Amino acid sequence: MMKGKERRTVRKMQSGRWEAERRMERVRQHLIPEAAKQLEMARCGGGKLRMRVDSRCLSNYMRGKHREIQEKVFDYYNANPQLQTPVEISKDDHRHLCMSQLLGLVREAGIRPLRYVVSDPSKYFAILEAVGSVDMSLGIKMGVQYSLWGCSILNLGTKKHKDKYFDGIDNLDYLGCFAMTELHHGSNVQGLQTVATFDPITDEFIIDTPNDGAIKWWIGNAAVHGKFATVFARLKLPTYDTKGLSDMGVHAFIVPIRDMKTHQPLPGIEIHDCGHKVGLNGVDNGALRFRSVRIPRDNLLNRFGDVSRDGKYTSSLPTVNKRFAATLGELVGGRVGLAYSSVSVLKVAATIAIRYSLLRQQFGPPNQPEVSILDYQSQQHKLMPMLASTYAFHFATTNLVEKYSQMKKTHDEELVADVHALSAGLKAYVTSYTAKSLSICREACGGHGYAAVNRFGILRNDHDIFQTFEGDNTVLLQQVAADLLKQYKGKFKGGTLAVTWSYLRESMNTYLSQPNPVTARWEGEDHLRDPKFQLDAFRYRTSRLLQSVAVRLRKHSKSLGDFGAWNRCLNHLLTLAESHIESVILAKFIEAVRSCPDPSSQAALKLLCDLYALDRIWNDIGTYRNVDYVAPNKAKAIHKLTEYLSFQVRNIARELVDAFDLPDHVTRAPIAMRSEAYSQYTQYVGF
Ligand SMILES: Cc1cc2nc3c(=O)[nH]c(=O)nc-3n(C[C@H](O)[C@H](O)[C@H](O)COP(=O)(O)OP(=O)(O)OC[C@H]3O[C@@H](n4cnc5c(N)ncnc54)[C@H](O)[C@@H]3O)c2cc1C
């Protein structure tokens, strides 16, 4: 006699098998003949589709070493319903709630982010990611306090600043802002106009907003909560003859903006609210104007340049440009955090869209049950390459975080350059991809995707600005392209290549030769799924773009000058940067597949990795065709295989999103609940 539990297990297995059979029948008869053939093979022992994924096992491989603290964050907010952000909330209430959420995390849950920034940055980013899943406004508010205000003190200041401010920042007594952007200048930081003039008589700096264009704008934490701001201003020093002032370039200064007791703006400081935004309304962005605000000389964050009591300037770095680069270089942490958090947004969105697409049924063969919308090839085309990209980005950004942590420990110069370019490229690429995907997910969920409670609208509005702040994506991609060109030129001068670009060393010799007409025709599945073919294809494209843009720039600079030539080739340069970043992402994904110890998880990851690679190649098939890297028959085979891999991923899609390990109280959308999704949705509406 079977016991109750055994009976239930057998019933479950049977129903699972019947469901699989039913699906197979539907596929065979109506949907995808090619896929049906494969299913048939599987049944006859071909085994191709017998992929079993243990989502726990895969999740363990993915989750990284800081999952515990993320669970602490999730549990804390889950246990405090008053701290959960409702779907409808006014701007003022949202700001207030967001502040309470942050205070709760630090003072009740006892999480001290700034300590982790110093001791273990990857743990800090894990907290930031978890907090952003609770409410993106909270993630950004925390980022402003710790990644921007806190890190400006840690990275641009010296010991005296750390000693004075560390604890207050960590425990939120010293809420602060990062005041770089002005009304007239955002991306062009060297164009900032706020001035800090040294007064040798009083041993103070005088901070001034010389015109309306120099009003600090968009400053997070400024409108309501901030007590301090790190203000970026042009340092002006009296000349030796004391008849004029010399401009030493942009420097950072600590400026108290509100009274510690009364919380009123301090004399000379005018603060206004930037108002209601498209998203992130839990963050109080404000505008600041300074009128002869005096701060002690000690408030200059003096790691890269200092002013002595008698007004002399000293720096270990020889030029304004070098000091400026060093200052901005220290601020990459914010960018790393955004890239990492953007992947987390993509995971939430993909989970909601895929779970719902598995649940939702529309139409079907005559006289048979309706099919799940994820069985439609078009739905697979929308969501499966996105799922593959989410995995790809997960490994790439995890690696970025590790590199950043290592850089902070070693201060190795090569690593610093590498992290700088990589964080710019990944931030730009991943946030753009996520922004587009959020709209695709909304649409993939039809009308119910439009209900605010199902989250796509809020996620889309909150995340959209990730493409702009911490460096506009178009501007960041240009930094990547500029770095590639620098490496390319260096190579010809006999220099070495930074780690991330090291593949170019080979590319100069191999990839620039004409494509091989024989391999251009190879279309076998084994060849197309060979990581070597995939990486070669990505790298070939990057190397070609790099070489051709270098030639074009040289040609145009003769008549247009450097600035004009750069602008003439700008779209080409952006394509180059994206191509390079895709190569880096693929290389990391391939490495992650190879290192996975569990065979079934490894097989699932390999499938995703192939889909990521082939989908990207197909996406840019025109380029490959134009240069005959891929012959027509091969292009067709790539397309067919991409569709087929999407179908295969569909079969394990549930397990793959489960492996993201996002509890229902984090995804929150009723349509994506693991069970009773429809009834949770109807309950929300009031039935
Ligand atoms: C919600 C929010 C919060 C913010 N928080 C802060 C904060 O706390 N502190 C702070 O200092 N700042 C903050 N900012 C400002 C933010 O960092 C800037 O908006 C950002 O750096 C972009 O600058 P910009 O707005 O001047 O855009 P612009 O530089 O004017 O860009 C506008 C457009 O021009 C294009 N463009 C600009 N330059 C080039 C170029 N060289 N080549 C090609 N295209 C170009 C861009 O791609 C973009 O499409 C925040 C902004 C927002 C909206």
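None of the values given here were measured: they were computed from a predicted structure.

(A) Structural context of the sheet that holds strand S8 (residues 285-290). The three strands lie next to each other as S4-S8-S7, forming an open sheet whose pairing is antiparallel. Here the strands that pair on one side only, and so sit at the sheet edges, are strand S4 (216-220) and strand S7 (269-273). Averaged over all pairs of adjacent strands, the angle between their axes in this sheet comes to 35°, without regard to strand direction.

(B) A look at the UniProt feature "active site" (unreviewed entry) in the chain. In the numbering used here, UniProt assigns the feature "active site" (unreviewed entry) to Glu470. Take Glu470: it is sitting in the loop between helix H14 (456-464) and helix H15 (473-492). Among the residues examined, Glu470 registers 26 C-beta atoms within 10 Å and is labelled buried. In contact with Glu470, other than residues within four places in its own chain, are Gly334, Arg335, Leu338 and Lys427.

(C) The environment of Cys445, seen in detail. Within the secondary structure layout, Cys445 lies in the loop between helix H13 (413-444) and H14. With 26 C-beta atoms counted inside 10 Å, the residue Cys445 sits in the buried group. Each C-alpha atom of the pair Cys445 and Ser579 lies 30 Å from the other, and the pair is 134 residues apart in sequence. Not counting residues up to four positions away in its chain, the partners in contact with Cys445 are Ala353, Tyr356, Asn454 and Ile671.

(D) Region of the structure containing the confidence of the model for the chain. Confidence in the prediction for the chain averages 91 pLDDT; 89% of positions are at 70 or higher. Of the regions scoring below 50 in pLDDT, residues 9-18 engages in one contact with residues more than four places distant in sequence or in other chains. Below a pLDDT of 50 lies the segment residues 24-49, which in the model reaches 32 contacts outside its immediate sequence neighbourhood of four places, other chains included. For this predicted complex, the interface confidence score (ipTM) comes to 0.99, while the overall pTM stands at 0.91.

(E) Quick look at the packing of helix H18 (residues 531-568) against helix H19 (residues 570-595). The geometry of H18 relative to H19 is characterised by a closest axis approach of 8 Å and an angle of 155° between their N-to-C directions. The pairing of H18 with H19 is recorded here as roughly antiparallel in orientation. H19 is crossed by H18, and the crossing has left-handed handedness. When its residues are assigned to classes, the contact of H18 with H19 shows 13 nonpolar, eight polar and four charged.

(F) Region of interest: the environment of Lys436. For Lys436, the location among the structural elements is in helix H13. A count of 12 C-beta atoms within 10 Å places Lys436 in the exposed class. Taking the C-alpha atoms as reference points, Lys436 and Arg460, 24 residues apart in sequence, are found 8.9 Å from one another.

(G) Structural view of H18. Spanning 38 residues, H18 covers only 35 Å between terminal C-alpha atoms, well under the ideal 56 Å at 1.5 Å per step. Restricting attention to buried positions, one finds in H18 the residues Gln534, Ala537, Phe538, Arg539, Tyr540, Arg541, Thr542, Ser543, Leu545, Leu546 and Val549.

(H) Here's a closer look at the nonpolar core. In this structure, Phe253, Leu288, Ala349, Leu387 and Val649 are the most contacted members of the largest nonpolar core, which totals 187 residues. Take this core: its biggest share by element is 15 residues, from helix H11 (residues 332-359). Setting aside residues up to four positions removed in sequence, Val649 forms contacts with Met384, Leu387, Ala388, Leu607, Leu608, Leu611 and Leu656.

(I) Representation of the UniProt feature "binding site: FAD" (unreviewed entry) in the chain. The UniProt record annotates "binding site: FAD" (unreviewed entry) at Thr181 and Gly220. For this annotated set, covering 40 residues, all C-alpha atoms fall within 10.6 Å of each other, a compact arrangement in space. The contact partners of Thr181, leaving out residues within four places of it in the chain, are Gly186, Lys216, Trp217 and Trp218. Among the secondary structure elements, Gly220 is positioned in strand S4. On the basis of neighbour count, Gly220 is assigned to the buried category, with 25 C-beta atoms found within 10 Å. When neighbours within four sequence positions are excluded, Gly220 is seen to be in contact with Ile140, Val144, Cys177, Phe178, Val283 and Asn285.

(J) Main features of the site of the ligand. In the vicinity of the ligand there are 19 residues, among which Met180, Thr181, Gly186, Ser187 and Gly220 approach most closely. Among the elements of the structure, strand S1 (176-179), S4 and H15 are those that each provide at least two residues to the shell around the ligand. With three residues, the top contributor of residues to the shell around the ligand is S4. Residue composition of the shell around the ligand, grouped by class: 10 nonpolar, seven polar and two charged. Both of domain 2 (179-314) and domain 3 (332-496 + 520-664) provide at least three residues apiece to the shell around the ligand.

Thresholds, definitions, all that
Residues numbered from 1 in each chain as written. Predicted model: local features only at pLDDT ≥ 70, side-chain atom pairs only at ≥ 80, totals over all residues. Pairing = 2+ DSSP bridges. Helix = DSSP H or I, 4+ residues; strand = E, 2+ residues; numbered from the N terminus. Axes fitted to C-alpha atoms, helices over the stretch in contact; angles between N-to-C directions. UniProt positions renumbered as here; feature names shortened; annotations may be inferred. Buried ≥ 20, exposed ≤ 12 C-beta atoms within 10 Å, placed from the backbone. Contact = placed C-beta atoms within 7 Å. pLDDT = per-residue confidence, 0-100. Parallel < 35°, antiparallel > 145°, perpendicular 65-115°, else oblique. Left-handed = near helix turned anticlockwise from the far one by under 90°. Nonpolar A, V, L, I, M, F, W, Y, C, P; charged D, E, K, R; others polar. Expected span 1.5 Å × (residues − 1). Core = buried A, V, L, I, M, F, W, Y, C linked by C-beta atoms within 7 Å. Near = placed C-beta within 6 Å. Domains from an automatic or database assignment.

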